[in-house]
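Tertiary structure, described
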Amino acid sequence: MPGMWWRSARRGRPWVGRGLGQPAADRRRAGAAPCRPRHRRPEAPATLALDGRGRLWIGTDHDGRVGPAPDALYGCDTQGAGRGLALPLYGAPRGAALGGAAMSPDGAALFALVRTPGAEPGASYGRPGTRWPAFDPTLPPRSTLVSFTRLGGGAVGG
């Protein structure tokens, strides 16, 4: 299945990163690790955003340090049974951080900024950590605005 996905703790419905098309081959080229919850809380939160329904979106930034888990975008309910449980939606490419997130007015799309892919310690313009998003050896990595929607439509986050 293309994109990173996880099941909502509240409703058990999958969410998929759309417009990214990160099949396994692209994830390997990007150097992205699977986006799986490793900790009870996101490490190195850098950006916070609330959507119209009160869900908190958390973007992390490890300053380019590559570790066992990528920087990621997390969704966290602020009310109800899932309150305080941060679940990963998307794992960023190697060396990238997640910038601010914003929900569309109708809640059908979530937008986030993938910042500075390939900017890891020891990387240079000629030898970045990844060539994401184009994977073209003649192009440098670029920050990119990505969007997420639900399979089958409806509001992101259930």
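In what follows, the accompanying structure is described. The model shown is predicted, which means the values in this text are computed figures rather than measured ones.

Helices and strands together make up the secondary structure of the protein chain, namely one helix and nine strands. When the helices and strands of the protein chain are listed from N to C terminus, the series reads β-β-α-β-β-β-β-β-β-β. In the protein chain, which comprises 158 residues, the share counted as buried stands at 42%. For the protein chain, the proportion of contacts with a sequence separation of at least 24, taken over those separated by at least 6, is 50%. Working note: accessible area of the protein chain is about 8,200 Å², and carbon and sulfur atoms make up 53% of it.

Here the focus is the sheet that holds strand β6 (residues 86–91). Overall, antiparallel pairing links the four strands, which are arranged β3-β4-β5-β6 in an open sheet. Each having just a single partner strand, β3 (45–50) and β6 make up the two edges of the open sheet. Strand-to-strand twist of the sheet, defined as the mean angle between neighbouring strand axes without regard to direction, takes the value 25°. Here strand β5 (residues 72–76) pairs with β6 via five bridges, running antiparallel. By the bridge assignment, Cys76 is partnered in β6 with Ala86.

As a further point, take the packing of aromatic side chains. All told, the structure shown has one aromatic pair when counted by the stated rule. Aromatic side chains Tyr90 and Phe148 sit 5.5 Å apart centroid to centroid with 55° between the ring planes, which places their arrangement in the tilted category. Taken as a pair, Tyr90 in strand β6 and Phe148 in strand β9 (residues 144–149) lie far apart in primary sequence, 58 residues in all. Comparing Tyr90 with Phe148 shows no difference in burial state: the two are buried.

A word on unusual backbone geometry. For the bond running from Trp132 to Pro133, omega is 10°, close enough to zero to count as cis. Here Pro133 is to be found in the loop between β8 (110–115) and β9. Located in the positive-phi region is Ala44, a residue other than glycine, with phi close to 55°. Within the element layout of this structure, Ala44 appears in the loop between α1 (24–30) and β3. Note on Ala44: relative accessible area 30%, which makes it partly exposed. Phi is positive for Asp63, close to 55°, though the residue is something other than glycine. With respect to the secondary-structure elements, Asp63 resides in the loop between β4 (56–60) and β5.

Thresholds applied
Going along each chain's sequence as written, the residues are numbered from 1 onward. Where totals are concerned, whole chains, interfaces and linings use all residues; where local detail is concerned, this predicted model gives features only for residues with pLDDT of at least 70, and gives and counts side-chain atom pairs only at 80 or more. The side-chain numbers reported here are obtained from all heavy atoms of the structure, hydrogens and water having been left aside. Here a helix means four or more residues in a row that DSSP labels H or I, a strand means two or more in a row labelled E, and each is numbered from the N terminus. The rule is simple: take the accessible area with a 1.4 Å probe, protein chains only, and divide by the maximum for that residue type; under 20% is buried, over 50% is exposed, in between is partly exposed. Should any heavy atoms of two residues lie within 4.5 Å, those residues are considered in contact. We get accessible surface area from the Shrake-Rupley algorithm with a probe of 1.4 Å; when it comes to residues, only the shown protein chains can shield them. For two strands to count as paired, DSSP must find a minimum of two bridges between them. Convention adopted: a line fitted to C-alpha atoms gives each axis, helices being fitted over their contacting stretch, and angles between N-to-C directions are expressed from 0 to 180 degrees. For this analysis, a ring pair means two rings from Phe, Tyr or Trp (six-membered ring only for Trp) whose centres lie within 6.5 Å, classed as stacked if their planes differ by under 30 degrees, edge-to-face if by over 60, and tilted for the remaining angles.

Read these as spatial facts, not as claims about activity.
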